Amino acid sequence: MGKMSVLSLCFLLCADLLDLAFGYLTVTIDPLPPVVVGETVTLKCNFKTDGRLREIVWYRVTDGGTIKQKIFTYDAMFNTNYSHMEDYRRREDLVYQSTVRLPEVRISDNGPYECHVGIYDRATREKVVLASGNVFLTVMSPPNNISVVAENTPAPFSRYQAQNLTLICTAKGGKPAPSVYFKRDGELIEVISYVSPTAADEGGGLAGVRRARPLMSRDLDDTKMQKSLSLLGRLYTESPRRSYAARQARYETSPATEAIPETVVSREFPHWVQSADPAYFFSNAHLPQSDGSVTVQAKLTWTLNPQMDNDALFSCEVKHPALSMPMQTEVTLAAPKGPKLIMTPTRAKVGDTVRIIVQGFQNEVFPEPLFTWTRVGGRLLDGTSEREGKELVLERVPAELNGSMYRCTAQNPLGSTDTHTRLIVFENPSMMKHTQNQNSGGPRLHAHGLIWMPFILVLTIRLK
């Protein structure tokens, strides 16, 4: 026991001697909560020492810790501080010797930071003893733009065959990636989630995302699911990856209660017969951007029912931790009604270039309509049977087109409508004058001919 006491006492004495020689230094940094772009962040470096302070340096760590960039330094010897950033990025303010404030943070400020504190070595008074602490700054950015478009539009209207409609909601500028979901007429849509094929499976790029179709497992023997899939066209069924297994029991039903939707042919409008609510298929893709944000592209696909879906309100809502309430954008599905046509010039003359333009509709149309132009009872001026686009151009119209009727067909997957306009071609005085000038030389030649003919006859008679 005596020997142990002596050893312990020696150890404590040695520790005290070392402490007196080098001093002690501890560095800690208060953890930071996530902040939103544009807010002010305070980086506080706490240190304890009984030594003489030499300097405090703040670093920003990049490239996984391989690069440390000085952002601010406090020099205790000269009691000065300075920033190491370029002039246009000098945003750091010294609050205290060890505390730095970063106003209006950006996404690029996200990452780890280190505080290095140096004190003089008591033994030599020249060497510097260093200690450091680190903290991670998480910068969030709410989405700055959301939009909804229909995939593969403009598209024609089908009277005789059911077709799919896919809505694409794109949320840009969010960090971290926001949550995206769809509502119909204000009610959350229950969806069947699926995983889109990767770019490698589809040949690279965004083409794989665009051509993605719902995948169903062949191992599932679910009557309703298989029949719903029959309406989704040619589907991928190899290497399925699904996340809707938890919802499977909800959709199980008896084969006797489920029927494949049929098309009833009608001259006016199709009649789609469905015995149950449509199945909505949902997928989303996260696309990292160079600025650190993530673009989310969510898709909602279902079998379109023009009678039930016309005038239906679909909304895309985006939730993000940096938002106090969800962002939202809405679209109303609507077939085109009564396109308004204007013709320029309003009084067309022979030889003019005539333009017939779709100026608008009696209602808001979504998805984007497809426009087709035809001439009633004949071909267009260029010899084609029809032409697509919002504008029909007739160059150098001849007089023969006077009174001709033109048809504009506007259609989208929800319906189709036709509008007619008649072309009236007036005479062109300048062209008539030019024609008369060309024809005025003809009678003079004939007049000369009449003058010379009697003269020749007279001479002939006299010679005889």
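Scroll up for the structure.
No experiment lies behind these values; they were computed from the predicted model shown.

A. Spotlight on unusual backbone geometry. Residue Pro176 follows Lys175 across a cis peptide bond; omega there is 0°. With respect to the secondary-structure elements, Pro176 resides in the loop between β13 (164-174) and β14 (179-184). Here the bond from Thr344 into Pro345 is cis, since omega is -5°, no more than 30 degrees from zero. Summarising the element assignment, Pro345 is placed in the loop between β23 (340-344) and β24 (348-349). Although it is not a glycine, Asp185 adopts a positive phi angle of roughly 50°. Relative to the elements of secondary structure, Asp185 occurs in the loop between β14 and β15 (187-188). The phi torsion at Arg396 lies on the positive side, around 50°, for a residue other than glycine. Note on placement: Arg396 falls in the loop between β28 (391-394) and β29 (405-412). We classify Arg396 as exposed; its relative accessible area is 60%.

B. Structural view of the state of the cysteines. Scanning the entire structure with this criterion turns up two disulfides. Here Cys45 is linked by a disulfide to Cys115, with a sulfur-sulfur distance of 2.1 Å. Its S-S torsion of about -90° marks the bond between Cys45 and Cys115 as left-handed, since a negative value means left-handed. One end of the pair, Cys45, is in strand β3 (residues 41-49); the other, Cys115, is in strand β9 (residues 111-120), with 70 residues separating them in the sequence. The same class applies to Cys45 as to Cys115, namely buried. Disulfide partner of Cys169: Cys316, at an S-S distance of 1.8 Å. Handedness here is read from the sign of the S-S torsion; for Cys169 and Cys316, about -75°, the answer is left-handed. Here the residue Cys169 occupies a position in strand β13, and Cys316 occupies one in strand β21 (residues 313-319), the gap between them amounting to 147 residues.

C. Spotlight on the pattern of salt bridges. Here the structure, examined in full by the defined rule, presents nine salt bridges. Of the charged contacts, one joins Arg54 and Asp75 as a salt bridge, the two residues approaching to 2.7 Å between their closest N and O atoms. With Arg54 in strand β4 (residues 53-62) and Asp75 in strand β5 (residues 67-75), this pair connects stretches of sequence that are 21 residues apart. You can call Arg54 buried: its relative accessible area is 18%. The partner of Arg355 in a salt bridge is Glu391, and the shortest N-O contact between them spans 3.6 Å. Of the two residues, Arg355 sits in strand β25 (residues 354-360) while Glu391 sits in strand β28, which places them 36 residues apart along the sequence.

What counts and what doesn't
- Residues numbered from 1 in each chain as written.
- Predicted model: local features only at pLDDT ≥ 70, side-chain atom pairs only at ≥ 80, totals over all residues.
- Heavy atoms only, no water.
- Helix = DSSP H or I, 4+ residues; strand = E, 2+ residues; numbered from the N terminus.
- Buried < 20%, exposed > 50% of the residue type's maximum accessible area, 1.4 Å probe, protein only.
- Disulfide = S-S within 2.5 Å.
- Salt bridge = Lys/Arg side-chain N within 4 Å of Asp/Glu carboxyl O.

Coordinates in, geometry out; function isn't part of it.
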